[in-house]
Protein chains: 2
Amino acid sequence: MRDKAKPAGETRAADVLHRMRADVISCTLKPGAKLRFEALREMYGVSFSTLREALSRLVAEGLVIAEDQRGFIVAPVSMEDLIDLTYVRVLVERECLALAIEHGDDGWEADIIGAFHRMDRLQTRLGSNYYLSEEWGKLHGDFHFSLVAASGSPNLLEIRQKLFERAHRYRRMSSQFRTKWRAKDVEHKMIMDSVIGRDTAKAQELIERHIRETTENVIKHAGHLFVQVDDERQGRSADVAAE
Amino acid sequence: MRDKAKPAGETRAADVLHRMRADVISCTLKPGAKLRFEALREMYGVSFSTLREALSRLVAEGLVIAEDQRGFIVAPVSMEDLIDLTYVRVLVERECLALAIEHGDDGWEADIIGAFHRMDRLQTRLGSNYYLSEEWGKLHGDFHFSLVAASGSPNLLEIRQKLFERAHRYRRMSSQFRTKWRAKDVEHKMIMDSVIGRDTAKAQELIERHIRETTENVIKHAGHLFVQVDDERQGRSADVAAE
DNA sequence: TATGAGCCGATTTTCGAAAAAAATCAAACC
DNA sequence: GGTTTGATTTTTTTCGAAAATCGGCTCATA
């Protein structure tokens, strides 16, 4: 992420918002890190007010926390949050799946197959370290979204998307520490088949396991990074600052 | 809401955020209304940037919509949104209740009883038109929150809260047009009793009916206000502007 | 030595003017 | 007559300087 912005069509603040969200999710901006305006201004090439606007939206999304009169920090990660997040995601994803399977039409099925193949193809092309790639993360997100896209509930889908992004940050944390990746592609294939086969119970069962196993892997590989919240304002973070 | 702010402890932008959120929810700022900066600046007595920050957060909360390069509007209301919102709320409230009943302790029960009595007392004091009062709306919200406060899932509670506020806007819309109020207090009492009696199934059943009946009443009394989304950008809104 | 009042540098928060973009209106053209 | 083009006005968006606030430090006092 360097100097000059490229505000193509959208507003400059919206551009910064997108970039900052991506940077938080990908842990380029590390959990718990203090966000100093001077540094951010240089990083994204915009002014105070514009930054502040982007930060404010991230606050409302739960990716950044505002401490009144004391600036902003990247939302910390913790074991408790990961576990809670997993719980809520299971609830929401199961419901989304049921709705989508109920309402989905042929076009929806086609989109799923398309999304799967895009993800699968890139995976083959990138080889064993595919999961570190930013682009694969995107396609993986698209695939999971395609499964539930036909749910017909905008409100639920919006909630799902925010939870997914929060979880992606945890996935990303663990992927740095892993040398071998479990057979996700097989899981994805099975989930897709059960969804298109309109087997609601099985699809829900599979997605739940998929989510839970991912969480377990995150805890196993990245659990040591999590902040143990002390008593006072102390528990800054286990890790680095913005720069 | 007039001129000078009272930024007690919190930041001025946070203060404006709270006031604007209340004004959107209470429909002082009408659904679909264009939000012009000059007018808002006068209304809340702060500068452009500060306003923009507050608006940005409301955007992420779904109460305000940003149209790139064309400013902000209050999120419109619609039949479809109300129905979808109701669906999601039922799902979330049921889950929250189950969790709270499972995890709640004595203190939790005491808080519920306290919240109920505060609401009930004000209701008696205000007489037949209690539901128009801003203060009752607050205590009503507090009561419903107390029921689920012990759920132990911060993420789910946060989602619940935002959904509740969105729904409050619809409730508020209909309350203007109603002369008689159904026996909510009896319903609240029954819900409270089943929750404290740890009867999960019954509590879920009652809260679901409570939500659905409220929605039906909103549709009956305020349905005519909803925007029928036309084709193009046209569907401005059925109603008035900020001032 | 412990306590705390007051000052100083660093950082955040607010402001309103300036730049950019969209909307409005009018004249010219087909 | 109706549509396009271009200038003017209104509204939004961005900027960086100025004000407010915080956190740490010193130093006086008990």
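Conventions used here
Residues numbered from 1 in each chain as written. Chains lettered and ligands numbered in written order. Predicted model: local features only at pLDDT ≥ 70, side-chain atom pairs only at ≥ 80, totals over all residues. Heavy atoms only, no water. Contact = heavy atoms within 4.5 Å. Buried area = accessible area lost by both parts, 1.4 Å probe. Salt bridge = Lys/Arg side-chain N within 4 Å of Asp/Glu carboxyl O. Polar contact = N/O pair within 3.5 Å; in protein donor to acceptor, adjacent residues only side chain to side chain. Helix = DSSP H or I, 4+ residues; strand = E, 2+ residues; numbered from the N terminus. Nonpolar A, V, L, I, M, F, W, Y, C, P; charged D, E, K, R; others polar. Near = heavy atom within 4 Å. Least-squares fit on C-alpha atoms with pLDDT ≥ 70 in both. Core = buried A, V, L, I, M, F, W, Y, C linked by side-chain atoms within 4.5 Å. Buried < 20%, exposed > 50% of the residue type's maximum accessible area, 1.4 Å probe, protein only. Pairing = 2+ DSSP bridges.

> What's the story with the interface of chain A and chain B in this structure? I'm lost.
By a widespread convention, an interface's size corresponds to the accessible area lost as its parts come together. At the interface, 32 residues of chain A touch 32 residues of chain B. Interface area for chain A against chain B, summed over the two sides, is near 2700 Å², with a carbon-plus-sulfur share of 49%. Three residues stand out in chain A for area buried against chain B, namely Arg57, Leu91 and Asn155 of chain A, and they jointly supply 21% of the buried area on that side. At the boundary of chain A with chain B, the tally comes to 2 salt bridges. Glutamate 53 of chain A serves as the salt-bridge partner of arginine 52 of chain B, at 2.8 Å between the closest nitrogen and oxygen. Here chain A is connected to chain B by 17 residue pairs in polar contact (both at pLDDT 80 or more). Taken together, the elements giving at least two residues each to the side of chain A that touches chain B come down to helix H3 (48-61), helix H4 (79-103) and helix H7 (154-175) of chain A. The residue inventory of the side of chain A that touches chain B, partitioned by class, reads 14 nonpolar, 7 polar and 11 charged.

> I would appreciate a short explanation of the protein's contact with DNA strand C in the present structure.
Neighbouring DNA strand C are 23 residues, the closest being Arg52 and Gln69 of chain A together with Arg12, Ser49 and Arg70 of chain B. Sugar and phosphate atoms constitute 78% of the interface atoms of DNA strand C, taking the interface as everything within 4 Å of the protein. Between arginine 52 of chain A and DNA strand C, the recorded distance is 2.3 Å, taken from a side-chain N or O atom to a phosphate oxygen. With respect to DNA strand C, the side chain of serine 49 of chain B contributes an N or O atom lying 2.6 Å from a base oxygen. Elements supplying a minimum of two residues to the surface near DNA strand C: strand S1 (34-35) and H3 of chain A together with helix H1 (12-25) and helix H3 (48-61) of chain B. The greatest single-element share of the surface near DNA strand C, amounting to 3 residues, is contributed by H3 of chain B. Here the residues of the surface near DNA strand C sort into 6 nonpolar, 8 polar and 9 charged.

> It is not clear to me how the relation of the copies chain A and chain B should be interpreted in this structure. Could you clarify?
Both copies of the chain are tied together by a single rotation about an axis and a shift running along it. In screw terms, the move from chain A to chain B is a rotation of 180° and a rise of 0.0 Å along the axis, fitting with an RMSD of 0.0 Å. In short, the pair behaves as if placed about a two-fold rotation axis. Mapped onto chain B, 100% of the interface residues of chain A are again interface residues, and the two copies thus contact each other with one and the same surface.

> What am I meant to see in the protein's contact with DNA strand D here?
Taken together, 22 residues surround DNA strand D, and among them Arg12, Ser49 and Arg70 of chain A together with Arg52 and Gln69 of chain B come closest. Within 4 Å of the protein, the atoms of DNA strand D are drawn from sugar and phosphate moieties in a proportion of 76%. The backbone of leucine 35 of chain B places a nitrogen or oxygen atom 3.5 Å from a phosphate oxygen of DNA strand D. Glutamine 69 of chain B places a polar main-chain atom, nitrogen or oxygen, 2.9 Å from a phosphate oxygen of DNA strand D. At the level of elements, helix H1 (12-25) and H3 of chain A together with strand S1 (34-35) and H3 of chain B are the ones that each hand at least two residues to the surface near DNA strand D. Sorting elements by how many residues they give to the surface near DNA strand D places H3 of chain A first, with 3 residues. Residue composition of the surface near DNA strand D, grouped by class: 6 nonpolar, 8 polar and 8 charged.

> What's the story with the nonpolar core in this structure? I'm lost.
A general trend in soluble globular proteins is that nonpolar side chains are found buried together. Counting 88 residues, the largest nonpolar core has Val195 of chain A together with Val195 of chain B as the members making the most contacts within it. In contact with valine 195 of chain B, other than residues within four places in its own chain, are Leu97, Ile101, Trp108, Ile112, Leu147 and Ala203 of chain B.

> Just checking my understanding: could you explain the pattern of salt bridges for this structure?
A pair can form between side chains of opposite charge whenever their charged atoms are brought close. Scanning the entire structure with this criterion turns up 30 salt bridges over all chains. Its salt-bridge partner being glutamate 93 of chain A, residue arginine 160 of chain A comes within 2.7 Å of it at the nearest N-O pair. Of this pair, arginine 160 of chain A sits in helix H7 while glutamate 93 of chain A sits in helix H4, placing them 67 residues apart in sequence. Judged by relative accessible area, which is 1%, arginine 160 of chain A ranks as buried. When the shortest N-O distance is used, the salt bridge between glutamate 134 of chain A and arginine 172 of chain A registers 3.2 Å. Of the two residues, glutamate 134 of chain A is situated in helix H6 (residues 134-148) and arginine 172 of chain A in helix H7; the sequence distance between them amounts to 38 residues. Here the salt bridges do not stand alone but share partners, grouping Arg52 of chain A together with Glu53 and Arg57 of chain B into one network.

> Looking at this structure, how should I read unusual backbone geometry?
One can expect most non-glycine residues to show negative phi and most peptide bonds to be in trans. Positive phi values are uncommon outside glycine, yet cysteine 27 of chain A reaches one of about 65°. Structurally, cysteine 27 of chain A is set in the loop between H1 and S1. Look at arginine 198 of chain B: it is not a glycine, yet its phi comes out positive at around 60°. Its location among the elements puts arginine 198 of chain B in the loop between helix H8 (184-196) and helix H9 (200-222).

> Explain the sheet that holds strand S3 (residues 72-74) of chain A here, please?
Residue and element names in this part refer to chain A. One open sheet accounts for 3 strands, arranged S1-S3-S2; its pairing is antiparallel. Both outer strands of the open sheet, S1 and strand S2 (64-66), are each paired with one neighbouring strand and no more. Across 2 bridges, the pairing between S1 and S3 is antiparallel. Residue pairing for S3: leucine 35 is matched across the bridge by phenylalanine 72.

> So what exactly am I meant to see when it comes to the sheet that holds strand S3 (residues 72-74) of chain B here?
Sheets are built from strands paired through backbone hydrogen bonds, the pairs being either parallel or antiparallel. The sheet built from 3 strands is open, its strands ordered S1-S3-S2 (chain B) with antiparallel pairing. For this open sheet the edge positions go to S1 and strand S2 (64-66) of chain B, each flanked by a neighbour on one side alone.

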